[in-house]
Amino acid sequence: MTEDYATCVRGCTRRCTADQCLTTGEHDHEPLRRRATVGLLCKRCDEQLTEAVHDIPDLWAQMPGLYDTGHAEGEKVSHGKVTGSPSLIRLDVMVLNGSSVGGQYEGDGVMPVWPTIGGWIQILAEELGTVAKSDTIAQWCDLLRRMHPTICRQPWVDEYWADMVAIRQALRRTTGAPPPVGRCFGHLANRPCGRLLYPPAPGETEIVCPDEKCGRRYSGAELLKLQIQGEREGVA
Ligand SMILES: [Zn+2]
Ligand SMILES: [Zn+2]
Ligand SMILES: [Zn+2]
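Residues numbered from 1 in each chain as written. Chains lettered and ligands numbered in written order. Predicted model: local features only at pLDDT ≥ 70, side-chain atom pairs only at ≥ 80, totals over all residues.

Side note on the overall build of the protein chain
Step number 1: Broken down by element type, the protein chain carries eight helices and six strands.
Step number 2: Ordered by position in the sequence, the α and β elements of the protein chain form the string β-α-β-α-α-α-α-α-α-β-β-β-β-α.
Step number 3: The buried share of the protein chain, reckoned over its 236 residues, is 25%. (Helix = DSSP H or I, 4+ residues; strand = E, 2+ residues; numbered from the N terminus. Buried ≥ 20, exposed ≤ 12 C-beta atoms within 10 Å, placed from the backbone.)

This is the structure in structure tokens:
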């Protein structure tokens, strides 16, 4: 069996449901690859990338402002609550801020956020002629969100995908962000919202969808519904 369609550039595979295989219980063929539906990416990779680019500025804003190398003037950095060993966290923060680029931590699975995203912004500028409004993570991600469909068609989208997903993960770890509660079931003009939503901030009783076009609020029974649905879908 071979695919007669363009497959996800990341080599994602899907479950085989061919009668023949299910009957014998054996798959005597190459793994089936997922169809590329958004540029060169499959639907799942597209969703994960969209999510990462959405989440990064939110998480970045929660980064403790201990080391602000790499922050442009005006970058909003609030002093987030950090859990865990302070020295380890600080090291993580430093590396995420790019203080040790070219230093001993590179390639250690920790992402220097600033230079990595900045590098992609530069590639976009060179290849697609785009210009960010300012050199802040928020503006950069705003540009990346707008360029998403075009980016998904570029031959380097797999590397970009890996960087953005790794940055989101590293930021989540460093900010001690709790796992998501569920996916927003608000509706935008032509599609369901679907943003991942996180527990209410300390002292808050409701969750507000951070999508600027959605902004759906969850409290009381709605919040419970979100939680149940989130558990069912295994979003965390
Ligand atoms: Zn099979
Ligand atoms: Zn994929
Ligand atoms: Zn929403």
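That was the structure; now back to the text.
Side note on the nonpolar core
Step number 1: Within the largest apolar cluster, 32 residues are counted, with the highest numbers of intra-cluster contacts made by L41, I56 and V157.
Step number 2: Looking at this core, the elements that each hand over two or more residues are α2 (43-61), α4 (113-128), α5 (137-146) and α7 (157-175).
Step number 3: Formed jointly, this core draws a minimum of three residues from each of two domains, domain 1 (1-36) and domain 2 (43-175).
Step number 4: Ignoring anything within four residues of it in the chain, the contact list for I56 reads I137, C141, I167, R168 and L171. (Core = buried A, V, L, I, M, F, W, Y, C linked by C-beta atoms within 7 Å. Domains from an automatic or database assignment. Contact = placed C-beta atoms within 7 Å.)

A closer look at the confidence of the model for the protein chain
Step number 1: Of all residues in the protein chain, 78% attain a pLDDT of 70 or more, and the chain-wide mean is 80.
Step number 2: When mean pLDDT is taken per element in the protein chain, helix α6 (residues 148-151) scores highest with 96 and helix α3 (residues 86-96) scores lowest with 51.
Step number 3: Predicted confidence is poor over residues 66-90, with pLDDT under 50, and the contacts of this stretch with residues over four places away or in other chains come to 39 contacts.
Step number 4: Counting contacts from residues 100-109, a segment whose pLDDT is below 50, to residues more than four positions away or on other chains yields eight contacts. (pLDDT = per-residue confidence, 0-100.)

Focus on the environment of P155
Step number 1: Topologically, P155 is positioned in the loop between α6 and α7.
Step number 2: Overall, the presence of 8 C-beta atoms within 10 Å leaves P155 in the exposed class.
Step number 3: Separated by 115 residues in the primary sequence, P155 and L40 place their C-alpha atoms 8.0 Å from one another.

Thoughts on α5
Step number 1: The set of residues buried in α5 consists of I137, W140, C141 and L144. All buried residues of α5 lie within an arc of 95 degrees about the axis, which places them on one face of the element.
Step number 2: Considering only its buried residues, α5 is in contact with α2, α4 and α6. (Arc of directions from axis to C-beta.)

Topic: the environment of R34
Step number 1: Tracing the sequence through the fold places R34 in the loop between β2 (32-33) and α2.
Step number 2: What makes R34 buried here is the crowd of 20 C-beta atoms within 10 Å.
Step number 3: As a C-alpha pair, R34 and C8 span 26 residues in sequence and 5.7 Å in three-dimensional space.
Step number 4: Other than its neighbours up to four places away in sequence, R34 contacts T7, C8, C12, T13, R14, C42 and R44.

Topic: α7
Step number 1: With 19 residues, α7 should cover 27 Å at 1.5 Å per step; its first-to-last C-alpha distance of 27 Å lies within 8% of that length.
Step number 2: Turning to α7, its buried residues number three or more, namely V157, Y160, W161, M164, I167, R168, A170, L171, T174 and T175.
Step number 3: Directly after α7, the chain includes G176, whose backbone phi takes a positive value near 65 degrees. (Expected span 1.5 Å × (residues − 1).)

Considerations on the packing of α4 against α7
Step number 1: Where α4 contacts α7, the axes come no closer than 11 Å and their chain directions differ by 155 degrees. By the angle between their directions, the pair α4 and α7 is classed as roughly antiparallel. The chirality of how α4 crosses α7 is left-handed. Counting all contacts with α4, which are made through V113, T116 and W120, the residues of α7 involved are Y160, D163, I167 and L171.
Step number 2: The class makeup of the residues in the contact of α4 with α7 is five nonpolar, one polar and one charged. (Axes fitted to C-alpha atoms, helices over the stretch in contact; angles between N-to-C directions. Parallel < 35°, antiparallel > 145°, perpendicular 65-115°, else oblique. Left-handed = near helix turned anticlockwise from the far one by under 90°. Nonpolar A, V, L, I, M, F, W, Y, C, P; charged D, E, K, R; others polar.)

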